[in-house]
Amino acid sequence: VVLFYAVHQLGTTAWLPLYLESTLSVRPAVASVGLSLYWFGIITSRFFASMFASRIGEMRVLVWGSIIGGVVLMGSVLIASPAVAIIGFILTGFLTGATIPLVMALAYAHLPGRTGSVTAVVYGLMMVGRLIGPWSIGSVGDRFGLDVGIIIAAAVLFVAAVAAYLVVLRDRRPA
């Protein structure tokens, strides 16, 4: 889950300003505000995560946040309007921003005596995602255009949702 989320998060952080400027023709100042608002969505999500998670469950927040965030982001990129794109990235940040803290909390609960190992594995996977995200979006953007490359930021959220759902299925199996 964090591997794919990290591809989304750092890929978006690296390429959103240029995507907004080059593809949607916004001024650099507006592109910078767009990136800041995306991160405002992430921070706000982390602030409200415990409230949502305690009401509907951590795994539902992870699965449905990624699915809905992926749909919102994919739609806003395909519509190709500056205002819609910025709003889509803000909403996606809000819907998915709690992924890292939720995964960490769930992993620690699953292996309470191995918090050091859990931290190393989770952060190692995030580092791989943080390398792959900007590279993959940039490589696809160089070949097919940044409007196509930025779709990776939405698509990997669906993969993160599938990964989270597979954990739900595993946890439901009798021991």
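Check the entry above for the structure.
Definitions and cut-offs
Residues numbered from 1 in each chain as written. Predicted model: local features only at pLDDT ≥ 70, side-chain atom pairs only at ≥ 80, totals over all residues. Heavy atoms only, no water. Patch = residues over 30% accessible without salt bridge, like charges linked within 9 Å, V, L, I, M, F, W, Y side chains within 5 Å. Areas by Shrake-Rupley, 256 points an atom, 1.4 Å probe, with all protein chains shown as cover. Salt bridge = Lys/Arg side-chain N within 4 Å of Asp/Glu carboxyl O. Helix = DSSP H or I, 4+ residues; strand = E, 2+ residues; numbered from the N terminus. Buried < 20%, exposed > 50% of the residue type's maximum accessible area, 1.4 Å probe, protein only. Contact = heavy atoms within 4.5 Å. Axes fitted to C-alpha atoms, helices over the stretch in contact; angles between N-to-C directions. Parallel < 35°, antiparallel > 145°, perpendicular 65-115°, else oblique. Left-handed = near helix turned anticlockwise from the far one by under 90°. Expected span 1.5 Å × (residues − 1).

Q: An account of a nonpolar patch on the surface is needed here, citing residue identities and associated values.
A: A surface patch of nonpolar side chains, amounting to about 440 Å² of accessible area, comprises Val128, Leu131, Ile132 and Trp135. The residue Ile132 is located in helix H6 (residues 115-144) in this model.

Q: Please set out the environment of Val122 residue by residue, giving values where relevant.
A: Note that Val122 resides in helix H6. On the accessibility criterion, Val122 (8% relative accessible area) is buried. If we ignore the near neighbours within four places in the chain, the residues touching Val122 are Val2, Val103, Met104 and Ala107.

Q: I'd like a description of the packing of helix H1 (residues 2-23) against H6, backed by residues and values.
A: At a closest axis distance of 7 Å, the pairing of H1 and H6 adopts a crossing angle of 45 degrees. Classed by the angle they form, the pair H1 and H6 counts as oblique. Seen along the crossing, H1 lies across H6 with a hand that is right-handed. The residues of H6 that touch H1, namely those facing Val2, Leu3, Ala6, Val7, Gln9, Leu10, Gly11, Thr12, Ala14 and Trp15, are Val122, Leu125, Met126, Val128, Gly129, Arg130, Ile132, Gly133, Pro134, Ser136, Ile137 and Gly138.

Q: Any chance you could break down helix H8 (residues 151-172) for me, citing the residues and the numbers?
A: Taking 1.5 Å as the rise per residue, H8 with 22 residues should run 32 Å; its terminal C-alpha atoms sit 32 Å apart, in good agreement. Considered for burial, the residues of H8 that qualify are Ile152, Ala153, Ala154, Val156, Leu157, Ala160, Ala161, Ala163, Ala164 and Val168. Looking at the buried positions of H8, the neighbouring elements they touch are H1, helix H3 (58-79), helix H4 (82-96), H6 and helix H7 (146-149).

Q: Describe the side chain of Gln9, and please don't skip the residues or the numbers.
A: Inspection of the secondary structure puts Gln9 in helix H1. Since its relative accessible area comes to 2%, Gln9 is described here as buried. In contact with Gln9, not counting residues within four places along its chain, are Tyr38, Trp39, Ile42, Arg46, Ile100 and Arg130.

That's the geometry; what it means functionally is another story.
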